[in-house]
Amino acid sequence: MILLLQLLINGLVQGALVACMAVAFGLVYRSLRIFHIALGGMFILVGYFFYTFVALLHLSTPIAAGLTLLATLIAGAILESCVYYPFAKKKSTSGVVMLASLGVMIIIENTIALLFGNNVKSISVDLEPTYIFYGLKVTRIQLYEFLICASAFVILGLLIRKNPYFKVAWAMGDQPRLVPVMGLPLQKIRQLIIAVSSLMIALPAALIAYDVGIEPHVGMSYLLTASVAVFFGGIDKYWGWGLGAFILALCQSIVSWKFSGEWVSMVTFIILIFVLLFKPSGLIGNSKRLEEK
Amino acid sequence: MKKIIVGLCIVVLIAVFGGRALWLYQHRETDTNVVKIGALVPTSGFMAFEGKNVVSALNLLAEKMNAKRDVKIKVIYEDDKYTSKDSVSAFRKLQSQGVDLYFVYGDLPAKAIVSIAQEQKLPLFAMAESKELNDSPVVVNLSPSSTDWTDSIFSFVNEMLKPQNVVIVHQKDMAHVESTKRLKDKFKDTVQVINSEQFDPNVMEVRPLVSKVLSYKPDVVIVLGYGSTYTAILNTLREQGFTGTIVSDPNVSSIKHELAKTPYPLYWTDTLFDDNTDIPEIKEFLAEFKEKFGKKPSTFTMMSYVGAQALMNAIQTAEYKPMDIYNNIQQTKDLKTVLGPVTIDKNKWMKLPIVIKQLQPDGTAKIVKE
């Protein structure tokens, strides 16, 4: 019983991290209709920014975290203005933009490997303090991971409901051509989406890098988990992404317990195929009307 | 006047290029005095870090050998990216360049090309651990087998730690599955409880797995693998409160500075190589390597260097015919190398001194069993 509860707690923490990553992916996919593969590259970049500031430049953790967020915002702005926006201006198809995004991811991955090597880099080699409640173990970094990521997810969810800019950004995915027609600043809204997506990937990426270290080839696996959570929860439902993330993380934990750690990746894709086949609109997504299909 | 200048320029150009061509012709390396070794090494992809070190080690050795002898060794590298598909195309590319011998780094590339090499009777010198490779009549393995590493772990754990409850956590690849199976078979008679768990190297969240491992209440956990998930498992075991003994494989040597410092024991099986060693031969090699390449070699760099040293020694004593070299290398016995005396056994495996090391509080290693 204790083991099951322990796995549920681990699943909740992991779910909060995946929820943030799902938002980072989902926002771009929902609003700009870009399958944002470069997000995997952004994940790695964040990890190495944080590693550079903490382990190489020996800055204090809060300052390093602030600088990492800033550097990620700049990287996101460069990505939007040098890659995504020029393609959007040329009205390129989503397939072309996806390929470009994949290219960015590969460039980032290889550049990092060239600069830092392919081996694991640990930001902190000290053991994290562990708190034990009734036999259940939670480390300090796990608490931070849960509190920071879950709060960021909830706050952004509320902003998307209330803030007019976010409302426009959300609507842009359905009618992108209406934004300039209505006199709204298209480029600014795009920049806003990319900036928020960059921040939302920066939080879990920096925390994970601090927790377990970073290497240049982990981006794709996190990207896949995030994208599966979005499709699982429902592309059009912000809260669905979070639900998808938590269920996915819990499933992974339970599979690890009942079967073996080797099946954890597989369960992610079984869920994805199951959803795409039987509930394409996602767990809490609304089914489309016949004329919309 | 203009015509004379142009004419003079043409004469000068012909003299310069003609002279250079003549010099190159006179100093050309004929096929008879160059042995071409085709090396399949991952210089890009996730294993590039090791691959680049292996290239440095082979270059250093070839340079030393070429300075001493009339017959030169030329190493031609192809990047196999540590994938089966790229290994086969890299191998074909090497074949088209008239390579005499093939050196391959790692289990996966070796397995990808072994059937082609066998079909065409091309000798293959592998730096791999999996024992199934050695069934091929064209393969000689230039690194200790997974059996050697596994047996050294078993004898250490069994004799020195005498545990009652052991859990083996291993990566899901052929070599580690083989090692786990062997360990479980060996522990069957001496340990009361033995469990094993596999991990997927693409999954970084290892806490569920570690929680499950700790639920068995082991006194010894043996962790076999490499990469970031492997490192995370080693650290998370301690973070989750495991105070027993952790035993692991030679991959610890390259990540020992990334591991959490705890008062609890961590041992691993390794070669004599260490970057803080007192052994003069290794110290000398370290200094030479650092001066030339500006970095420290890893355990696997050293093993590649020693493996290639056995190969080049066999080239010296055979008459530069590939199958002679293949036969000759199998006669290697107590060859003096930086990692101690090296022998190729009757199963075509390299045998070299294997030790058990313990991680010290300052992050260095100490040999506890030879």
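This text goes with the structure placed above it.
Attention now moves to the pairing of strand 7 (residues 193–199) of chain B. Walk down a regular strand and you will see the side chains alternate between the two sheet faces. Residues and elements named next belong to chain B. Where strand 6 (residues 165–171) and strand 7 come together, seven bridges link them in parallel fashion. If you follow Val-166 over to strand 7, its bridge partner there is Ile-194. Remark: the strand 6/helix 6 (residues 174–187)/strand 7 crossover connection has right-handed handedness.

Attention now goes to the nonpolar core. One finds Met-21, Phe-43 and Leu-156 of chain A together with Leu-234 and Leu-237 of chain B to be the most contacted residues of the largest nonpolar core, which totals 111 residues. Counting 53 residues, the second-largest nonpolar core is a separate cluster that includes Ile-73, Phe-300, Met-302 and Val-338 of chain B.

Before going further, it helps to examine the side chain of Gln-309 of chain B. On the secondary structure map, Gln-309 of chain B appears in helix 11 (residues 299–317). In this structure, Gln-309 of chain B is in contact with Leu-61, Leu-335, Lys-336, Thr-337 and Val-338 of chain B, ignoring residues within four places of it in sequence.

All names here are of chain B. Taken together, the seven strands give an open sheet; going across it, the order is 7-6-8-9-10-13-14, and neighbouring strands pair in mixed fashion. Of all the strands in the sheet, just strand 7 and strand 14 (365–369) have a single pairing partner and so form its edges. When strand polarity is set aside, the average angle formed by the axes of neighbouring strands in this sheet is 25°. Relative to strand 14, strand 13 (residues 355–359) runs antiparallel, the two being bridged by four bridges. The residue of strand 14 that forms the bridge with Ile-356 is Lys-369. Across the sheet, helix 8 (residues 227–239) lies against strand 6, strand 7, strand 8 (220–224), strand 9 (245–248) and strand 10 (266–270), angled at about 165° from strand 8, the strand it touches most.

Let's shift gears to the interface of chain B and chain A. The partner chain A presents 38 residues to the 35 residues of chain B that form the contact. Interface of chain B and chain A: buried area, both sides summed, is about 2,900 Å²; carbon and sulfur atoms make up 53% of it. At the junction of chain B and chain A, the tally comes to one salt bridge. Linking chain B with chain A are five residue pairs in polar contact (both at pLDDT 80 or more). Every element with two or more residues in the side of chain B that touches chain A is listed here: helix 2 (48–68), strand 7, helix 7 (207–215) and helix 8 of chain B. Considering only residue class, the side of chain B that touches chain A consists of twelve nonpolar, twelve polar and eleven charged.

Right, let's talk about the sheet that holds strand 5 (residues 139–141) of chain B for a bit. Residues and elements named next belong to chain B. The sheet built from five strands is open, its strands ordered 2-1-3-4-5 with parallel pairing. The open sheet is flanked by strand 2 (72–79) and strand 5, the only strands paired with a single partner. The average angle at which neighbouring strand axes cross in this sheet is 25°, direction not considered. Of the strand pairs in this sheet, strand 3 (residues 101–105) and strand 4 (residues 124–127) are connected by four bridges, and their pairing is parallel. Residue Tyr-105 lies in a different strand from strand 4, and its bridge partner there is Met-127. On top of the sheet, helix 2 reaches strand 1 (34–41), strand 2 and strand 3; it is set at about 170° to strand 2, its chief contact.

What counts, and where the lines are drawn
- Residue positions are counted from 1 within each chain, in the order its sequence is given.
- The order in which chains are written sets their letters, starting at A; the order in which ligands are written sets their numbers, starting at 1.
- Local features in this predicted model are restricted to residues of pLDDT 70 or higher, and side-chain atom pairs are both shown and tallied only at a pLDDT of 80 or more, whereas totals for entire chains, interfaces and linings draw on every residue.
- Where side-chain values are given, they derive from all heavy atoms of the structure, hydrogens and water being excluded.
- Here a strand pair is declared whenever DSSP counts at least two bridges between the two strands.
- Strands are runs of DSSP state E lasting at least two residues, helices are runs of H or I lasting at least four, and both sets are numbered from the N terminus onward.
- Seen with the strands pointing away from the viewer, any crossover whose path from the first strand over the helix to the second strand runs clockwise is right-handed.
- For our purposes a nonpolar core is just a set of buried Ala, Val, Leu, Ile, Met, Phe, Trp, Tyr and Cys residues, chained together by side-chain atoms within 4.5 Å.
- The cut-offs for exposure are 20% and 50% of the maximum accessible area for each residue type, with area from a 1.4 Å probe on protein chains only; residues under the lower value are buried, those over the upper are exposed, and the others partly exposed.
- Contact between two residues is taken to exist if any of their heavy atoms lie within 4.5 Å; hydrogens are not considered.
- Each axis is a line fitted through C-alpha atoms, and for a helix only the stretch in contact is used; angles between axes span 0 to 180 degrees, taken between their N-to-C directions.
- Defined here as a combined quantity, buried area equals the accessible surface (1.4 Å probe) lost by two parts on assembly, summed across both.
- What counts as a salt bridge is simple: a side-chain nitrogen of Lys or Arg found within 4 Å of a carboxyl oxygen of Asp or Glu.
- We define a polar contact as two N or O atoms separated by no more than 3.5 Å, with the added condition that, inside protein, one atom must be a possible hydrogen donor and the other a possible acceptor, whereas residues neighbouring each other in sequence contribute only through side-chain atom pairs.
- In this count, Pro and Cys sit with the nonpolar residues alongside Ala, Val, Leu, Ile, Met, Phe, Trp and Tyr, while Asp, Glu, Lys and Arg are called charged and the others, Gly among them, polar.

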